[in-house]
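One-letter residues, chain by chain:
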Amino acid sequence: MVAFLLKRLMQSLVLLVIVSIIGFVVLNLIPGGPLAQYALDPGMTQDDRMRIAAQLGLDRPLWVQYLEWASRMLQGDWGTSFRDGNPVLTVIGRHVSATLLLMGSATVISVAIGTWIGIRGATHRYSVFDYTATVGAMIALSIPTFWFGLIGIYVFSLRLGWFPAGNMYTIGDASVLNYLHHLIMPSIVLALVHIAIWSRFMRGATLDAINQEFVKTARAKGVPERRVIMKHVVGNALLPMITLAGVQLPSLLTGALVTETVFSWPGMGRLFLDSLGYSDYPVVMGLLMFSAILTIAANFIADVVVALVDPRIRLA
């Protein structure tokens, strides 16, 4: 078990280093580079840009810049925002709670509804419900997230007036109910695609578990069908879904970027787009690393949970 965890940890660290190298190189190869915003200033001369580049260490070889940046990052210094001069971690910290709230609520919705649809579809295979769930999943996977968001705003905000069209709360009203009122529609929009993914995987995992010998044995012993499904089938079907939960995190982050833009949600996704538009490369790189750390940590935790739950992995 310890060897398994150490192996996974080393793989995660190597992957994080690779992601940081690729991200750092790509951002520096973009036309204009980290000094792109200064090129828009008509009063900025070439000598001024060269002086700023020397002050920021951007006139050094790229590999030297990367090593210096990585060294500072390990010490907790992720750089300073070009936009407002605040530390990158401070800028990200202002928006991370909004993104985690949106992602967390979307995850709860997708797991709860997707699990129920998958189990019911497997236990009522080829029924009207199963066919309807399959068609609905294909539609949800085929249509972009922003389209669902725009349709939701038009129908439920403009036409019916049930939910606000954007923002995280109403100015002057910081109550919990007001936050929840603003959270409902973006979290459902973000969860739609993941409900489709989770339900299809859960249906397949449930069907695999139903066909196992231990399920047939339990039925032969006269165990009630509901107990067979809940204890023997669902318990075993959820094992591969733990890994899926970690794998889905990158798509949740990507969907959050689109959803936050559509609903003007003040999270990391909207900050990422704003920082790209302003060429605020320290913040962009910080968001990239923060997302990579979050994703890799989620997958590592999923592997640990699976290893703790499944004795076959521990014994192996």
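Residues numbered from 1 in each chain as written. Predicted model: local features only at pLDDT ≥ 70, side-chain atom pairs only at ≥ 80, totals over all residues. Heavy atoms only, no water.

### What to know about the layout of surface pockets
Within this model, the second largest pocket holds a volume of roughly 340 Å³. In terms of lining, the second largest pocket is formed by 17 residues, of which the most central are Leu257, Phe272, Leu287, Leu288 and Ser291. Counting only elements with at least two residues in the lining of the second largest pocket, the list comes to α1 (2-29), α10 (249-262), α11 (268-277) and α12 (281-309). Element by element, the count of residues in the lining of the second largest pocket is highest for α10, at six residues. Tallied by class, residues from the lining of the second largest pocket come to eleven nonpolar, five polar and one charged. (1 Å grid on protein atoms, 1.4 Å probe; cavity = no way out; pocket = protein on both sides within 12 Å on 5 of 7 lines; lining within 4 Å. Points joined across faces, edges and corners; volume = space filled by probe spheres on them. Helix = DSSP H or I, 4+ residues; strand = E, 2+ residues; numbered from the N terminus. Nonpolar A, V, L, I, M, F, W, Y, C, P; charged D, E, K, R; others polar.)

### Topic: the pattern of salt bridges
Applying the stated criterion across every chain, the model contains one salt bridge. Two residues, Arg203 and Asp130, come together in a salt bridge whose shortest N-O distance is 2.8 Å. Placement of Arg203 in helix α7 (residues 176-210) and of Asp130 in helix α5 (residues 128-142) is noted, with a sequence separation of 73 residues between them. Asp130 carries the same exposure label as Arg203, and that label is buried. (Salt bridge = Lys/Arg side-chain N within 4 Å of Asp/Glu carboxyl O. Buried < 20%, exposed > 50% of the residue type's maximum accessible area, 1.4 Å probe, protein only.)

### Looking at the packing of helix α4 (residues 88-123) against α10
One way to put it is that α4 packs onto α10 with a least axis distance of 10 Å and a crossing angle of 115°. For the crossing formed where α4 meets α10, the hand is right-handed. Counted together, Thr99, Leu102, Met103, Ala106 and Thr107 of α4 and Leu249, Leu252, Leu253, Ala256, Thr259 and Glu260 of α10 form the full contact between these two elements. Of the residues in the contact of α4 with α10, the class split is seven nonpolar, three polar and one charged. (Axes fitted to C-alpha atoms, helices over the stretch in contact; angles between N-to-C directions. Left-handed = near helix turned anticlockwise from the far one by under 90°. Contact = heavy atoms within 4.5 Å.)

### What about the packing of α7 against α10?
Between two packed helices, both the angle of their axes relative to each other and the distance between the axes serve to describe the pair. Two elements in contact, α7 and α10, have axes whose closest approach is 10 Å; the angle formed by their N-to-C orientations is 140°. When the axes of α7 and α10 are compared, the pair comes out oblique. Handedness of the α7/α10 crossing: right-handed. Packed against α7, whose contacting residues are Pro186, Leu190 and His194, the element α10 presents Ser251, Leu252, Gly255, Ala256 and Thr259 at the interface. Taken together, the residues of the contact of α7 with α10 break down into four nonpolar, four polar and no charged. (Parallel < 35°, antiparallel > 145°, perpendicular 65-115°, else oblique.)

### Some points on unusual backbone geometry
The backbone phi angle of Tyr126 is positive, close to 65°, even though this residue is not glycine. Along the polypeptide, Tyr126 turns up in the loop between α4 and α5. At Ser264, a residue that is not glycine, the phi angle is positive and equals roughly 55°. Considering the arrangement of structural elements, one finds Ser264 in the loop between α10 and α11. Judged by its relative accessible area of 27%, Ser264 falls in the partly exposed class.

### Remarks on the packing of aromatic side chains
Two descriptors summarise a pair of aromatic rings, namely the distance from one centre to the other and the angle between the planes of the rings. The final tally for this structure, using the stated rule, is seven aromatic pairs. Here the aromatic rings of Tyr66 and Trp69 are separated by 5.9 Å at their centres, their planes lie at 40°, and the arrangement is tilted. Taken together, the positions of Tyr66 and Trp69, both in helix α3 (residues 62-74) and three residues apart, correspond to about one turn of that helix. With relative accessibility at 11%, the residue Trp69 sits in the buried group. One aromatic cluster is present, formed by Phe24, Tyr66 and Trp69 through successive ring pairs. Taking NZ or CZ as reference, Arg120 lies 5.1 Å from the ring centre of Phe129, over its face. (Phe/Tyr/Trp six-rings, centres within 6.5 Å; stacked < 30°, edge-to-face > 60°. Lys NZ or Arg CZ within 6 Å of the ring centre and 35° of its normal.)

### Structural notes on helix α6 (residues 145-159)
Between the first and last C-alpha of α6 there are 20 Å, a value that for 15 residues agrees with the 21 Å anticipated at 1.5 Å per step. Where α6 ends, the next residue or the one after it, Gly161, has phi of about 70°, a positive value. (Expected span 1.5 Å × (residues − 1).)

### Thoughts on the environment of Ser157
By the secondary structure assignment, Ser157 is in helix α6. You can call Ser157 buried: its relative accessible area is 12%. It is 9.5 Å that separates the C-alpha atoms of Ser157 and Met185, two residues lying 28 residues apart in sequence.

So far we have only geometry, and geometry alone does not tell us how the molecule works.
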